[in-house]
Amino acid sequence: MENYTYNSDTLQLEGLNVSEDFKYPLFLFLFFSYLFIIVANLSIAVLVFVDKNLHQPMYLLFFNLSVNDILGNSILPRLLVNMLLPPSERLISYYECVVQAFTVHVCSTCSHTVLMIMAFDRYVAICNPLRYAVIMTNKMLIKLTVSAWGVAFVLVGILLGLTIRLNRCRTMIKSPYCNNASLFKLSCENVFINNIYGLTFTVVLFTSSIGTMVLTYTKITVVCLTSKNKSLNSKALKTCSTHLAVYLIMLLSGFSIIILHRFPQYSDYRKFASILYHIIPSSLNPIIYGMQSKEIRRFLSKSKKVLPSL
């Protein structure tokens, strides 16, 4: 009888299958995308952290989103290195792979939970402006932030916990980076529980996320339609369109991967889509939020005036 309990500590990443003609252009695209993501998101995170005028709920949520985007794209340095290596040398330790998968799934989950909190923040600001300061206190914001990250850590911890209990009989990670699905596919054991929990996790997360958006935006729309306050409607349109744009970009990026999973013949497109899922929202978030914020725009304009004098 064949022994399936091999459990190798070294795994091989399949990576991206691209021709020599496209390898270096793609490498440069991913490199400069990563550079922009780090610089843009780190700038916003540092700005919010340093400037006490930005210690408000909306900007502190921007801070969380920027930190999440930086962590979520930590897969790119290894991916870039692997692109320059032959397939046989794209190796990663099993424990490093688990950590990478944990980071990827926590950040993906936090993208939803943080944006859900931002939707609640916009709802209170527009529908209950007089009670905003009473409801969105620092204490409430800390509770919501801890909940956003805590829920992600617990749910993803269970997800990966069910995977690492399995014995492994394969060593090839058929993905550009490590994730839960690629890890439990290394096993030759029954993964029925993994599939059920993973499906339940995804359904609950997306249902909660979409449900929160629909509920809050429906109430915001009703308030705007019944209000004759042009200032309120203008504020709602500005802040909500920004938030909704970021959410839809993230949602469409995620759905594209789920849809492409149903078509094995398009596995290369799915791999590239899984990378764009991290790159596109993380690149656009600082642009959309940064340009829409008066305080951040004011800081940038001051920086432009200061730099020439140096």
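Described below are features of the structure shown in this document. Quick caveat: nothing in here was measured; it's all calculated off a predicted structure. (Residues numbered from 1 in each chain as written. Predicted model: local features only at pLDDT ≥ 70, side-chain atom pairs only at ≥ 80, totals over all residues. Heavy atoms only, no water.)

This part covers the pairing of strand E1 (residues 10–13). A regular strand places its side chains so that they alternate between the two faces of the sheet. Burial of E1 is one-sided: the residues Leu11 and Leu13 facing one way are buried, the residues Thr10 and Gln12 facing the other way are not. Examined bridge by bridge, E1 and strand E2 (residues 91–93) share three bridges and lie antiparallel to one another. Looking at the pairing, leucine 11 lines up with isoleucine 92 of E2. Bridge count for E1 against strand E3 (residues 172–173) is two bridges, and the pairing is parallel. Following the sheet pairing, glutamine 12 is matched in E3 by methionine 172. (Buried < 20%, exposed > 50% of the residue type's maximum accessible area, 1.4 Å probe, protein only. Helix = DSSP H or I, 4+ residues; strand = E, 2+ residues; numbered from the N terminus. Pairing = 2+ DSSP bridges.)

Turning our eyes to something else, we now look at the side chain of histidine 278. The topology assignment puts histidine 278 in helix H10 (residues 267–292). Within polar-contact distance, the side chain of histidine 278 engages the backbone oxygen of glycine 72 at 3.3 Å. What histidine 278 contacts, discounting residues up to four positions off in sequence, is Gly72, Asn73, Ile75, Val104, Ser108 and Tyr177. (Polar contact = N/O pair within 3.5 Å; in protein donor to acceptor, adjacent residues only side chain to side chain. Contact = heavy atoms within 4.5 Å.)

Turning next to a nonpolar patch on the surface. Among the surface-exposed residues, Ile210, Val214, Phe255, Ile258, Ile259, Phe263, Tyr266 and Tyr269 lie close enough to one another that they form a single nonpolar patch of about 720 Å² accessible area. The set of elements that each furnish at least two residues to the nonpolar patch consists of helix H8 (192–226) and helix H9 (230–260). For the nonpolar patch, the element with the highest residue contribution is H9, accounting for three residues. Relative to the assigned elements, phenylalanine 263 resides in the loop between H9 and H10. (Patch = residues over 30% accessible without salt bridge, like charges linked within 9 Å, V, L, I, M, F, W, Y side chains within 5 Å. Areas by Shrake-Rupley, 256 points an atom, 1.4 Å probe, with all protein chains shown as cover. Salt bridge = Lys/Arg side-chain N within 4 Å of Asp/Glu carboxyl O.)

To find leftover empty space, one rolls a probe the size of a water molecule over the atoms. If you walk through the whole model with that rule in mind, you get two cavities of 30 Å³ or more. As a volume, the largest cavity reaches approximately 150 Å³. The wall of the largest cavity is formed by 15 residues, among which Asn68, Asp69, Ser111, Tyr277 and Ser282 lie closest to the centre. Put simply, the parts of the chain that give the lining of the largest cavity at least two residues each are helix H2 (57–72), helix H4 (94–127) and H10. Among the elements that take part in the lining of the largest cavity, H10 stands out by supplying five residues, more than any other. Per-class residue counts for the lining of the largest cavity are six nonpolar, eight polar and one charged. (1 Å grid on protein atoms, 1.4 Å probe; cavity = no way out; pocket = protein on both sides within 12 Å on 5 of 7 lines; lining within 4 Å. Points joined across faces, edges and corners; volume = space filled by probe spheres on them. Nonpolar A, V, L, I, M, F, W, Y, C, P; charged D, E, K, R; others polar.)

Geometric descriptors of this kind do not, in isolation, establish any biological role.
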